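Next come the chains, spelled out residue by residue.
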Amino acid sequence: MTDSSLNPPVIIGALGGSGTRVVAQFLLEAGVFLGDDLNEPLDNLTAVLLLNRRQSLLDRDAIFRALDLLRQYMTSSRPFSGADQDFLRALATEERQQHSREFLEDRLAHLLERRDERAPGRWGWKMPPSHIFLRDILQWSDTARYLHVRRHPLDMAYSSNRNQLRMWGPVMLGRDIADTPDEALRYWIESERRIDSARSEFGDRVHVITYEALCGDKRKTLNGILDFFELQNRDGLVETFERQISSAGSIGRYKLHHYTELDRVSLSRIERMGYQVG
């Protein structure tokens, strides 16, 4: 599938709690349309309705159809066909692990509202678990570009944000999981393995930044984001925005825990990835 004639989609993903909100805000200020149904962390809730469900992984055609409808909603005012409306309504009939039926129905109502014509321009979405569907997304669109925010694995092991682990951990790890730092670390390892595999397959259409660099080497990281998405540093955007990024106090939080007692196999794997342990 392809959409070469359209503005390339901009997609942002990560494990929850990795700093994607900062990236989304930066892209909004760069003029990228990230949706009109956003929550406080700037997640595109239309994308959540369409994509963030386990059943999607069982039906590739349904993923492509959902992506087509997301693109239609984000880039035009063309109404949905009757068949498409039936498909969309079916997405809101049953509650999901992290979303009530009422929440899904609200998203559906917003999606089906008549809207003004979209102005042509760059568009996309921020939804952290987009990486779950990354290969499908990049095969659906041969121009889509995906930015992944990677955070230190041990900091992620002790993060209180484990929503993604609870929903997608059993799928990615292939078994029931516990809500523990060890399982969070295993999920990080598997997720990042899949990202590295996608980078090997799709090359420069996948870009990884680290949260630590975003908070530290701000200007270089922000310029790298603009370069990756082929956006302009208009009106000194980078220089202005970098002053809004504060150094996160949660960087290095793992040092407050007995992290050397985590699963030895996992610790050895992240050491081989270049992270110091102990």
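Everything discussed here concerns the structure shown above.
Conventions adopted
Residues numbered from 1 in each chain as written. Predicted model: local features only at pLDDT ≥ 70, side-chain atom pairs only at ≥ 80, totals over all residues. Heavy atoms only, no water. Salt bridge = Lys/Arg side-chain N within 4 Å of Asp/Glu carboxyl O. Buried < 20%, exposed > 50% of the residue type's maximum accessible area, 1.4 Å probe, protein only. Helix = DSSP H or I, 4+ residues; strand = E, 2+ residues; numbered from the N terminus. Arc of directions from axis to C-beta. Core = buried A, V, L, I, M, F, W, Y, C linked by side-chain atoms within 4.5 Å. Contact = heavy atoms within 4.5 Å. Pairing = 2+ DSSP bridges.

(A) Quick look at the pattern of salt bridges. Applying the stated criterion to the full structure yields 18 salt bridges. Between Arg264 and Glu271 there is a salt bridge, with the nearest N and O atoms lying 3.4 Å from each other. Take Arg264: its relative accessible area is 47%, and that puts it in the partly exposed class. Taken together, the salt bridges that share partners define one network made up of Arg150, Glu192, Asp196 and Arg199.

(B) Representation of helix 1 (residues 20–29) within the structure. Taken as a whole, helix 1 has its buried residues at Thr20, Val23, Ala24, Phe26 and Leu27. In an axial view of helix 1, the angular spread of the buried residues amounts to 160°, which keeps them on one side of the axis. Directly beyond the C-terminal end of helix 1, a positive phi value near 95° is found at Gly31.

(C) Local environment of the nonpolar core. One finds Leu51, Leu88, Trp125, Leu154 and Ile270 to be the most contacted residues of the largest nonpolar core, which totals 61 residues. Not counting residues up to four positions away in its chain, the partners in contact with Trp125 are Val10, Ile11, Ile12, Leu34, Asn44, Ala47, Leu51, Leu67, Leu70, Ser130, Ile137 and Trp140. In this structure, Ala30, Leu34, Ile225 and Val238 belong to the second largest nonpolar core, which totals 27 residues.

(D) Fine view of unusual backbone geometry. With phi around 55°, Glu230 is a residue other than glycine that occupies positive phi space. Relative to the assigned elements, Glu230 resides in the loop between helix 11 (218–229) and helix 12 (237–241). Since its relative accessible area comes to 56%, Glu230 is described here as exposed. One non-glycine residue, Asp235, lies in positive phi territory at about 55°.

(E) Region of the structure containing the pairing of strand 3 (residues 145–150). Of all 6 residues that make up strand 3, 6 are buried, and the element is covered over most of its length. Residues of strand 3 alternate between two faces, with Arg145, Leu147 and Val149 on one and Tyr146, His148 and Arg150 on the opposite face, all of them buried. Both strand 1 (residues 10–14) and strand 3 contribute to a ladder of 5 bridges, which runs parallel. Counted as the bridge partner of Ile11 is Tyr146 from strand 3. Sheet topology note: the strand 3/strand 4 (residues 206–210) ladder contains 5 bridges and is parallel. Residue pairing for strand 4: Arg150 is matched across the bridge by Thr210.

Purely geometric stuff here, so don't read any function into it on its own.
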